[in-house]
Amino acid sequence: MRASVNNRGLGQRRIRTVTAGLATLGVAGSLAVAGYLGIATPAVASTSTTKQPGGTSPAGTRHTGARGSSSANGSTSHRRASSDDGGSTGTVRRAPSAQPPVATSGGS
Amino acid sequence: MPLVETLPIGPGVAQWPVWTTTARVVTTDPSATELARCLVEEELAAVDLAASRFRDDSEVVRIAATGGGLVHVSPLLAELVAVALQAAADTDGAVDPTLGSQLSALGYGRTFDEIAGGSAGRASVTRHRQPSWRDVVLDGSVLSVPNGVILDLGATAKAWAADRCANLVAQRLGTGALVALGGDIAVAGTAPAEGWTILVQDGPAEPASLVTLEDAGGLATSSTLGRSWTHWNRRMHHILDPVTCRPAPEVWRTVSVAAASCLAANTLTTAAVVRGTGAPRLLRDRGVPARLVGSDGSVTTLNGWPEP
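Residues numbered from 1 in each chain as written. Chains lettered and ligands numbered in written order. Predicted model: local features only at pLDDT ≥ 70, side-chain atom pairs only at ≥ 80, totals over all residues.

**Q** Before we move on, could you go through the overall build of chain A and cite the residues and values that matter?
**A** Per the secondary structure count, chain A includes one helix and four strands. For chain A, with 108 residues in total, the buried portion stands at 45%. For chain A, the share of sequence-separated contacts (at least 6 apart) that also reach a separation of at least 24 residues comes to 69%. (Helix = DSSP H or I, 4+ residues; strand = E, 2+ residues; numbered from the N terminus. Buried ≥ 20, exposed ≤ 12 C-beta atoms within 10 Å, placed from the backbone. Contact = placed C-beta atoms within 7 Å.)

What follows is the structure in structure tokens.
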């Protein structure tokens, strides 16, 4: 049985969402964090449209638990999980029993 | 022993202990594995210095000592806090990063190896109104944490780190990459032809599910079995219900989710454990493939997770 699910949801990002407050992600975020860490980062393509989890909030972005985050343009809503977020999809399917696992996911 | 430690370490695989669990890096290009390990180790060291509750020189510990004032934080910690606040908002507070003090009071104030090796202490949990994630303010690089709060970013920082590392390895080394940090797995780059095969199982005697991830994304498992200890003769586990500040009732002993990122997956698995009986509805509404193992060992799958 193949069970492919378009699970666009929480945390998915596209480069086009870089102005969405928290979601300043992808290349810019990677470079910023790498710069902070003192890591020499080679140039990378900036045209990817796949989601880029993680990244760096833009300077001046304000996040408060009580009032939500304010993006650079002054909007004040927290970004909520949505099935319309876009981004690449995660797909999970049954593996052939003969296929050896490369990793395990247990409790952590 | 975590199951991951029983897997073979062949070409294209690096594995080492970190954060009282196991890091495992798999690259589709075996020649990239060692460099990938170096990259991952650097990233994890930076995250540890920013967010560990268990070292006096970390930023979160130094911030806790400021007594609630405004503090300039590193870009990395700002990102980790922002991610944690987002997770809290996305789960209506089920995943709350302000429970570090409560975890410490319940005995989880040291690394889990230290807890397992001795007494968990006898401090009691205060029951007055606790600050919550809503009381944390992050304004750019300026952070304010309520007095008495020690941030516990464990629920999101490890998953974020897995995503970050997998993407970094894939982008910089041009290889398909899987980064597993305990139960948190992120994949990036071009997957192997057969996909990334992952054994989802919370111990040798637990029900198992063998699945593959085919493209970039993540898979996370949260458990009440692994990080548990005894405190005043009561069994504790590390996932607290922010409402009670006690370990969440063990409706589920293991919850696994596949999502577009490990962070998204871990946020939902943690929230599911906290929500208890409300977990299936939460996960169904989010549309993510999920697998829940009940306290009686029964298995529930949702949203296309392969049936057992």
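Okay, back to it.
**Q** Quick rundown of the overall build of chain B? Include the residues and the values.
**A** Looking only at helices and strands, one finds eight helices and 17 strands in chain B. Counting only residues that meet the buried cut, chain B has 56% of its 308 residues in that class.

**Q** Could you give me a rundown of the sheet that holds strand 8 (residues 196–200) of chain B, with the residues and numbers involved?
**A** Strand order in the open sheet made by the four strands is 3(A)-9(B)-8(B)-4(A), with mixed pairing throughout. Looking at which strands have only one partner, the edges of the open sheet turn out to be strand 3 (92–94) and strand 4 (103–105) of chain A. In this sheet, adjacent strand axes meet at a mean angle of 40 degrees when their direction is disregarded. Across five bridges, the pairing between strand 8 of chain B and strand 9 (residues 209–213) of chain B is antiparallel. Looking at the pairing, B:Thr197 lines up with B:Thr212 of strand 9 of chain B. (Pairing = 2+ DSSP bridges. Axes fitted to C-alpha atoms, helices over the stretch in contact; angles between N-to-C directions.)

**Q** Summarise the pairing of strand 8 of chain B; cite the residues concerned and give the values.
**A** Most of strand 8 of chain B sits inside the fold, with four of its five residues counted as buried. Where strand 4 of chain A meets strand 8 of chain B, three bridges bridge the pair, whose relative direction is parallel. Across the sheet, the residue bridging to A:Ala103 is B:Ile198, located in strand 8 of chain B.

**Q** Before we move on, can you summarise the confidence of the model for chain A with the specific residues and values?
**A** All names here are of chain A. Confidence in the prediction for chain A averages 44 pLDDT; 15% of positions are at 70 or higher. Here helix 1 (residues 27–37) is the element of chain A with the lowest mean pLDDT, 35, and strand 4 is the one with the highest, 89. For the stretch residues 1–60, pLDDT sits under 50, and the model shows 160 contacts to residues farther than four places along the chain or on other chains. Predicted confidence for residues 66–89 stays below pLDDT 50, and this span has 63 contacts to residues more than four positions away or in other chains. (pLDDT = per-residue confidence, 0-100.)

**Q** Lay out the pairing of strand 15 (residues 252–259) of chain B with the relevant residues and their values.
**A** All names here are of chain B. Burial of strand 15 is extensive: eight of the eight residues sit out of reach of the surface. Both strand 10 (residues 217–223) and strand 15 contribute to a ladder of six bridges, which runs antiparallel. Across the sheet, Gly218 pairs through a bridge with Ala259, a residue of strand 15. Sheet topology note: the strand 15/strand 16 (residues 290–294) ladder contains five bridges and is antiparallel.

**Q** Outline helix 8 (residues 279–286) of chain B, supporting the account with residue identities and numerical values.
**A** Residue and element names in this part refer to chain B. For helix 8, the set of buried residues is Ala279, Leu283 and Arg286. Along helix 8, the residues classed as buried sweep out an arc of 65 degrees about the axis, all on the same side. When the buried face of helix 8 is taken as reference, the exposed residues oriented beyond 90 degrees from it are Arg281, Arg284 and Asp285. Along its buried surface, helix 8 packs onto strand 15, helix 7 (262–275), strand 16 and strand 17 (299–302). Trailing helix 8 by a residue or two, Gly287 shows a phi angle of about 75 degrees, which is positive. (Arc of directions from axis to C-beta.)

**Q** Describe in detail the environment of B:Leu85, supporting the description with residues and values.
**A** Inspection of the secondary structure puts B:Leu85 in helix 3 (residues 75–90). Separated by 15 residues in the primary sequence, B:Leu85 and B:Leu70 place their C-alpha atoms 17 Å from one another.

**Q** Just give me the short version of the sheet that holds strand 10 of chain B, but keep the residues and values in it.
**A** Residue and element names in this part refer to chain B. Taken in spatial order, the eight strands make up an open sheet running 1-2-6-7-10-15-16-17, and their pairing is antiparallel. Strand pairing shows two members of the sheet lacking a second neighbour, strand 1 (13–18) and strand 17, which therefore form its edges. In this sheet, adjacent strand axes meet at a mean angle of 10 degrees when their direction is disregarded. The pairing of strand 1 with strand 2 (residues 21–27) spans six bridges and is classified as antiparallel. Bridge pairing in strand 2 links Gln15 to Arg24.

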